[in-house]
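# Residue-level structural notes
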Amino acid sequence: MQNHFDIKNDSQLTLYNTIMSTGSIPREFIQRLLSQVDIVDLIDGRIPLRKKSSNNYFACCPFHAEKSASFSVSHTKQFYYCFGCGAHGNAIDFLLQFDRLSFPEAIDALAKHAGIDVPRETISNTAHSSIDTQLCDVLTRIAKYYQTELRQSKTAIDYLKNRGISGPIAKEFCLGFAPSGWENVLQQFGTTLPLKHQLYEAGMLIKKDEGGYYDRFRERIMFPIHERRGRIIAFGGRILDKGDPKYLNSPETPIFQKGRELYGLYQVLNANRQIERIVLVEGYMDVIALFQYGITYAVATLGTATTAHHLHRLFRYTTDIIFCFDGDAAGRTAAWRALLTTLPSLRDEIQIRFMFLPEGEDPDSLIRKEGKDAFEQRIQTAVTLSSFFFQTLSAQADLTSVDGRARFVKLATEHLNQLPPGIFQQMMFEELAKKGRTEIISAQMPPQMKLQKARAPSSLRLAIILLIQQPQLAHCITEPLPPIDLPGFALFFELIETIKNNAAYTTGTILEYWRDRKEGKLLAKLALLEHMIPASGIESEFLGTLQRLKKLANKQQIDQLLSKAAKGELSQEEKYRLHQLIHDKK
Ligand code: GTP
Ligand code: MN
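Worth saying up front: this structure is predicted, and the values here are computed from it rather than measured.

## Notes on the pattern of salt bridges
Inspection of the entire model under this criterion finds 24 salt bridges. In this structure, Glu-376 engages Arg-277 in a salt bridge whose closest nitrogen and oxygen atoms are separated by 3.6 Å. Here Glu-376, found in helix H16 (residues 372–380), pairs with Arg-277, found in the loop between helix H11 (265–271) and strand S12 (278–281); they are 99 residues apart in sequence, far enough to count as distant. Of the two residues examined, Glu-376 and Arg-277, each falls in the buried class.

## Brief notes about the packing of helix H14 (residues 329–342) against helix H17 (residues 385–395)
It is at 11 Å that the axes of H14 and H17 come closest, and there the two elements cross at 120 degrees. Viewed along their axes, H14 and H17 adopt a mutual orientation that is oblique. Along this stretch, H14 crosses H17, giving a crossing that reads as left-handed. Here Arg-332, Ala-335, Trp-336, Leu-339 and Thr-342 of H14 come into contact with H17, specifically with Leu-385, Phe-388, Phe-389, Gln-391, Thr-392 and Leu-393. Its residues assigned to classes, the contact of H14 with H17 comprises seven nonpolar, three polar and one charged.

## Describing the site of ligand 1
Ligand 1 sits among Arg-163, Arg-238, Pro-245, Lys-246, Tyr-247, Glu-282, Gly-283, Tyr-284, Met-285, Gly-303 and Asp-362. The contact in question runs from an oxygen atom of ligand 1 to an N or O atom on the side chain of Arg-163, over 2.5 Å. Lys-246 is positioned such that a nitrogen or oxygen atom in its side chain is 2.8 Å from an oxygen atom of ligand 1. Residues belonging to the shell around ligand 1 are distributed by class as follows: four nonpolar, two polar and five charged.

## Thoughts on the packing of aromatic side chains
Inspection of every chain in the model, using the stated rule, returns 34 aromatic pairs. Their ring planes at 90 degrees and their centres at 5.1 Å tell us that Phe-173 and Phe-291 sit as a pair that is edge-to-face. In this pair, Phe-173 is assigned in the loop between helix H8 (167–172) and strand S6 (176–178) and Phe-291 in helix H12 (residues 284–292), connecting sequence segments 118 residues apart. Here Phe-291 falls in the buried class, since its relative accessible area comes to 9%. Among the aromatic residues, ring-to-ring pairing joins Phe-323, Phe-325, Trp-336, Phe-354, Phe-356, Phe-388, Phe-389, Phe-390 and Phe-408 into one connected group. Looking at Lys-207, its charged tip hangs above the ring of Tyr-200, at a distance of 4.4 Å from the centre. The ring of Phe-356 carries Arg-332 above its face, with NZ or CZ at 4.0 Å from the centroid.

## Points about the environment of Pro-224
Along the polypeptide, Pro-224 turns up in strand S9 (residues 220–226). The class of Pro-224 is buried, set by a relative accessible area of 1%. For Pro-224 and Asp-108, which are 116 residues apart along the polypeptide, the C-alpha to C-alpha distance reads 28 Å. Sequence-distant contacts of Pro-224, defined by excluding residues within four places in its chain, comprise Ala-143, Phe-173, Cys-174, Leu-175, Ile-232, Ala-234, Phe-235 and Tyr-263.

## Here's the deal with the pairing of strand S3 (residues 71–74)
Neither face of S3 is open: one carries Phe-71 and Val-73, the other Ser-72 and Ser-74, and all of them are buried. Sheet topology note: the strand S2 (residues 56–59)/S3 ladder contains four bridges and is antiparallel. Residue pairing for S3: Phe-58 is matched across the bridge by Ser-72. Examined bridge by bridge, S3 and strand S4 (residues 79–82) share four bridges and lie antiparallel to one another. The residue of S4 that forms the bridge with Val-73 is Tyr-80. In sequence, S3 turns back onto S4 through a hairpin of four residues, with Gln-78 there showing a positive phi of about 55 degrees.

## So, the sheet that holds S12
Taken together, the five strands give an open sheet; going across it, the order is S13-S12-S14-S15-S16, and neighbouring strands pair in mixed fashion. If you trace the sheet from one side to the other, it starts and ends with strand S13 (298–300) and strand S16 (383–384), each paired once. Where S12 meets S13, three bridges bridge the pair, whose relative direction is parallel. From the neighbouring strand, Leu-280 faces S13, where its bridge partner is Val-299.

## Considering the environment of Glu-414
Along the chain, Glu-414 falls in helix H18 (residues 402–416). Here Glu-414 falls in the partly exposed class, since its relative accessible area comes to 42%.

## Some points on the sheet that holds S9
Pairing is antiparallel in the open sheet, where four strands are placed in the order S6-S9-S10-S11. A single partner strand is all that each edge strand has here, and the edge strands are S6 and strand S11 (247–249). If you compare each strand with its neighbour and ignore which way they point, the axes differ by 35 degrees on average. Bridging between strand S10 (residues 232–239) and S11 involves three bridges; their strand directions are antiparallel. Residue pairing across strands places Gly-236 opposite Asn-249, the latter belonging to S11.

## Focus on helix H26 (residues 538–566)
Taking 1.5 Å of rise per residue, 29 residues should cover 42 Å, and H26 covers 42 Å from first to last C-alpha, within 8% of that figure. Those residues of H26 that fall on the buried side of the exposure criterion are Ile-538, Phe-542, Thr-545, Leu-546, Leu-549, Ala-553, Asn-554, Gln-557, Ile-558 and Leu-561. If you follow the buried residues of H26, they end up packed against helix H22 (459–469), helix H23 (489–500) and helix H27 (572–585). One or two steps after H26, the chain reaches Gly-568, where phi turns positive at roughly 65 degrees.

## Remarks on the state of the cysteines
Tallied over the entire structure, the rule returns zero disulfides. Free cysteine Cys-136: the closest other cysteine sulfur is in Cys-174, separated by 14 Å.

Reading the values: the criteria
- Residues numbered from 1 in each chain as written.
- Chains lettered and ligands numbered in written order.
- Predicted model: local features only at pLDDT ≥ 70, side-chain atom pairs only at ≥ 80, totals over all residues.
- Heavy atoms only, no water.
- Salt bridge = Lys/Arg side-chain N within 4 Å of Asp/Glu carboxyl O.
- Helix = DSSP H or I, 4+ residues; strand = E, 2+ residues; numbered from the N terminus.
- Buried < 20%, exposed > 50% of the residue type's maximum accessible area, 1.4 Å probe, protein only.
- Axes fitted to C-alpha atoms, helices over the stretch in contact; angles between N-to-C directions.
- Parallel < 35°, antiparallel > 145°, perpendicular 65-115°, else oblique.
- Left-handed = near helix turned anticlockwise from the far one by under 90°.
- Contact = heavy atoms within 4.5 Å.
- Nonpolar A, V, L, I, M, F, W, Y, C, P; charged D, E, K, R; others polar.
- Near = heavy atom within 4 Å.
- Polar contact = N/O pair within 3.5 Å; in protein donor to acceptor, adjacent residues only side chain to side chain.
- Phe/Tyr/Trp six-rings, centres within 6.5 Å; stacked < 30°, edge-to-face > 60°.
- Lys NZ or Arg CZ within 6 Å of the ring centre and 35° of its normal.
- Pairing = 2+ DSSP bridges.
- Expected span 1.5 Å × (residues − 1).
- Disulfide = S-S within 2.5 Å.

Pasting the structure below:
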C-alpha cells in the first residue's frame, strides 16, 4: 500500500509543501475529528477487515508477519489492537503507524477522510515552513544538477565504478558530482542577491572575507541527504582521491540538524513496507553498499555520535536496532558510548544489539567480500545490550574480590537507574544481583519496581479498566468522589473528569488526551485487558468497585482523624465529622 505522501513529481511536491505548512491544531478539533471518523472505515480502506461480531472486526496484522488473524478493530471502542505484536491505538495512531505520517500529517489525512477542514491556531509557523520549503526546493534542484554533472564526468563515473557502485544504486541514492570550479552553483542558482543569500542559508555557499561567496562543494562525489519524506535537506561530499577532509557535510542550517538526521532512512522506508530491524552503521558508503547487496535496512549517522533524537526517530519504525561498530578498541568505546545514550530510551519492547566487525573491515568492504548471507549471519549473532553491558563492566572490576564486586555493583546500579522503570530494568537488576552475588541492589531499586511486584488487582485498577473500556460508565458517578490516598487515584479522577467534560467518548478519543503522557501507555494497556466480566454485569460491578473505594476513603479519613484525636488535636468540627464518618460506616 502506498503512503499518502509518497512524492513522485513536482506537482505532488508542491501539494506536499502546502500540506506541510501547518500551524498548531486546536485540541478540541482533534477530539471532534476523532468522534467523526469511524476507525473501522478508515482501516478497512487500507486492509480488508472481516466481521467477527456486530462490533468487532479482524484481519491479519499489518504490523507484523502472521498467518492467522490476530489484529482486531473495535467499533465501540474506536480502537485497534493486535494480540500478536501488541500494536494498538486510535485512528490517529493507525495513520502514524501504518501510513507512517507525522502527527500533523495524520490529522490532515484524517480530516480529508472525514471531509472537513483543519483549522490552524497560528499562522506564524506557516511563514516559517514556507522558507524551509524554499530551501528544500533549491537543494532538490541542485541535486539534479549534480546528477547531470556526474553523467558527464568520466573521472567521477570511474571512481564509483571502481568502488563497485552499480548504476541503479547510484540513481536510487541520487548520487551526483560537484565539478571543479569555485562558482558553479553560485553562477547557476545564485542569479540574484536574494537567491545568493538563500543558497548561503542552505549551506551551499561560503562567504569570502573580502565579500562575496564561493561554492562549498568542489570536485566531490555528492550524497544528497533526504529527510523522511524525500525532500533534500543537505549534502555530504566525498573527495575523489586522497585529501582533507575526506568527507565534507553541509553545515547546520534551518532545515538540517546533524544530530537528528540519518542517512539512508528515506531509502530504507521506500524499500520496505514493514521494517523488522535497522542496522546503524557509520558511513555513507556502508549504507549504499549494504543496500546494493540486499540489506535494505541500514542507516548511518552523519559523522556524529548517536543521539537520543536518532534513536527516537528509529523507534518510530522498528523496535529492533543493531549498532554496527569496528572491532577495535575505538569501536568498543564508541559502542559503550552509544549504549549509555540509549539507556534512558529503552522501553521494554525495544531490543538493542551490538555487532563488532573484524579489524580493518567496514560494512562496505565486508559485504563485498562475504555477501549478504554471511553479513546477515553476523547480524543474527550480534550481542545483546545486556551481555555487552555486563561484559564491559565486569572487565573493569575484579569480581572475585568483595571490593571489586562492590565497585561493579555501584557502577552498574548508576547506569541501570537510567533505564525507564519496567520489566527490562527489573531483569537487569536481577541479573546484576546474580553477577554481583549480593542483596544490596534490591535496596537501591527504584520504588516503582517494588510496588509493581507487590501489586494485586485492586478495586481501583478494576474501576479504571472498566472506565477506559466503557467510558459511558462515568455518568453513573452522580456524587463527587472523596479523595483517596492510593497510587493511581489521581489518574482515575482525571479520567472521570475528562469523560464527563467531553461529549464524544470512546476509548480511542479518551486515550487521545493522554498522548505523549507517561500514563497513556498504562491506560492503553488497561484498555486492552480482558476483564472477564459479562456485559450484563459491568455496570453493577463498576458501582460495586465505587462503593468499595468510597469505603476505603471513609476508612482513611477515620484513621487520620483518630490519630489526630490520639494526640488531642481534634477541633470541634473534626469531632463532629469523625462521628458522622463512623456512623456512615455502620
Ligand atoms: P570511504 O573511505 O569512502 O569508504 O568512507 P568510510 O565511510 O569508510 O569512511 P570513514 O570510516 O573514514 O568515515 C565514516 C563516516 O565518518 C563517513 O561516512 C563520514 O560521514 C564521516 N567522516 C569521515 N571522514 C570525515 C571527515 O573528514 N570529515 C567529516 N566531517 N566527516 C567525516
Ligand atoms: Mn569505507
